[in-house]
Amino acid sequence: LSDLKFTTASHRESYYVKVIQAIELSRLSSRVVINKNDELIIQPKGEKLLDTELVDNAISFLGTKSSLHFTNSLRLYQLTGKQNLIKSADETRRAVEEYLKEKLENKKGLKGKINELQKKLKVEKKDGNIRNIIYQCISYLDNYYNNNSKHNDGELEDTEVEYLIYQTATIMRYLENA
């Protein structure tokens, strides 16, 4: 839907309202979010509070590349099949990696970014326990990604991928507001 071109903002808004109404009236387990580039994103419906506070919030501040990977993870999560779950998990990894690349302004891999992030949070005088939690979370996620989506095809379940989506959104939201 992001490739559509509208002659005026009111045409776009009118179109978006109709799409949102159609989704709400349907029996699809989907919902609609509009990102900071005014693009309409149709994504799976999860727990309403988590979707609003974590997923929508993350979409609102992510840069172009990290947003693309994060919304791809949502789209793939909504589809069925093992390969889509694996790809969705990998897209959450790429979203975190791109977000940290933008935030830290470096091109290191995820493991290198974790160490750089620790230093940045320490300089910013963030609580040592929170720094350790963030470090451990991203380290565990990196290990999980390496074993289940990046280097190998793991046996992922819907609930695991949903957890990855919420966890990466939580980490990025904290870092954005830190």
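Structure shown above.
Here is a short report on the structure shown in this document. Just so you know, the residues in each chain are numbered from 1, in the order the chain's sequence is written. Only residues with pLDDT of 70 or above have their local features reported here, since the model is predicted, and side-chain atom pairs are shown and tallied only from 80 upward, although totals for entire chains, interfaces and linings are computed over all residues. The basis for every side-chain value is the complete set of heavy atoms in the structure, and neither hydrogens nor water enter the calculation.

## Some details on the overall build of the protein chain
Inference 1: Along its length, the protein chain carries seven helices and two strands.
Inference 2: When the elements of the protein chain are put in sequence order from the N terminus, they spell out α-β-β-α-α-α-α-α-α.
Inference 3: Residue burial is assigned from relative accessible area. The probe radius is 1.4 Å, only protein chains are included, and a residue is buried under 20% of its type maximum, exposed over 50%, and partly exposed in between. A total of 178 residues make up the protein chain; the buried ones form 42% of that total.
Inference 4: For the protein chain, the share of sequence-separated contacts (at least 6 apart) that also reach a separation of at least 24 residues comes to 53%.
Inference 5: All accessible-area figures derive from a Shrake-Rupley calculation using a 1.4 Å probe, and residue coverage is judged against the displayed protein chains alone. When the accessible surface of the protein chain is split by element, carbon and sulfur atoms take 50% of a total near 10300 Å². The numbering of helices and of strands both runs from the N terminus, where a helix is a DSSP run of H or I of at least 4 residues and a strand a run of E of at least 2. In this description, contact between two residues means that some pair of their heavy atoms is separated by no more than 4.5 Å.

## Concerning the pattern of salt bridges
Inference 1: Any carboxyl oxygen of Asp or Glu within 4 Å of a side-chain nitrogen of Lys or Arg constitutes a salt bridge here. Overall, the coordinates contain seven salt bridges when judged by the stated rule.
Inference 2: Of the charged contacts, one joins K82 and E155 as a salt bridge, the two residues approaching to 3.2 Å between their closest N and O atoms. Taken together, the residues span a long stretch of sequence, with K82 in helix α4 (residues 82-104) and E155 in the loop between α6 (128-150) and α7 (158-177) at a distance of 73 residues.
Inference 3: With a relative accessible area of 37%, K82 lands in the partly exposed category.
Inference 4: For D142, the salt bridge goes to K111, with nearest N and O atoms at 3.7 Å. Within this pair, whereas D142 is found in helix α6, its partner K111 is found in helix α5 (residues 110-123), the two being separated by 31 residues in sequence.

## Describing the packing of α4 against α7
Inference 1: Axis definition: a line fitted to C-alpha atoms, limited for helices to the stretch in contact. Angles are taken between N-to-C directions and run from 0 to 180 degrees. Close contact between α4 and α7 brings their axes to 9 Å; oriented N to C, the two are set at 10°. Considering the angle they form, α4 stands roughly parallel to α7. Contacts between α4 and α7 involve L85, S88, A89, T92, A95, V96, Y99, L100 and K103 on the former and, on the latter, D158, V161, L164, I165, T168, M172, L175 and E176. Should an angle fall under 35 degrees it is called roughly parallel, over 145 degrees roughly antiparallel, and 65 to 115 degrees roughly perpendicular, with every other angle called oblique.

## Looking at α4
Inference 1: Here α4 spans 33 Å end to end across 23 residues, near enough to the 33 Å set by a 1.5 Å rise per residue.
Inference 2: E105, located one to two residues past α4, shows a positive phi value of around 55°. A helix is expected to reach a length of 1.5 Å times the quantity of its residues less one.

## Quick word on helix α1 (residues 9-25)
Inference 1: Taking 1.5 Å per residue as the helical rise, α1 with its 17 residues ought to reach 24 Å, and the 24 Å between its terminal C-alpha atoms agrees with that figure.
Inference 2: If you check which residues of α1 are buried, you get Y16, V19 and I23. Considered in projection along α1, the buried side chains sweep an arc of 65° and stay on one side of the axis. Projecting away from the buried face of α1 at angles above 90 degrees are the exposed residues K18, E24 and L25. For this quantity, the arc is that covered by the directions from the helix axis to the C-beta atoms.

## Looking at the nonpolar core
Inference 1: The term nonpolar core refers to a set of buried residues drawn from Ala, Val, Leu, Ile, Met, Phe, Trp, Tyr and Cys, joined through side-chain atoms within 4.5 Å. Counting 35 residues, the largest nonpolar core has F70, L100, L117 and I138 as the members making the most contacts within it.
Inference 2: The set of elements that each furnish at least two residues to this core consists of α2 (48-61), α3 (64-78), α4, α5, α6 and α7.
Inference 3: Contacts of F70, omitting those with residues within four sequence positions, involve V55, A58, I59, L62, E91, A95, I165, T168, A169 and M172.
Inference 4: Y16, V19, I23 and L40 belong to the second-largest nonpolar core, a separate cluster that totals five residues.

## A closer look at the packing of aromatic side chains
Inference 1: To pair, rings of Phe, Tyr and Trp, with the six-membered ring standing in for Trp, must have centres within 6.5 Å; the planes then decide the type, stacked if under 30 degrees apart, edge-to-face if over 60, and tilted in the middle. If you walk through the whole model with that rule in mind, you get three aromatic pairs.
Inference 2: Geometrically, the ring pair formed by Y15 and Y16 is tilted, given 6.3 Å between the ring centres and 55° between the ring planes.
Inference 3: The buried category is assigned to Y16, whose relative accessible area is 7%.
Inference 4: Centroid distance Y144 to Y145: 6.5 Å. Interplanar angle 70°. Geometry classified as edge-to-face.
Inference 5: On the basis of relative accessibility, which here comes to 22%, the residue Y144 falls in the partly exposed class.

## Quick word on the side chain of N148
Inference 1: Relative to the elements of secondary structure, N148 occurs in helix α6.
Inference 2: If we ignore the near neighbours within four places in the chain, the residues touching N148 are I86, D153, G154, E155 and L156.

Interpretation in functional terms is not warranted from these geometric data alone.
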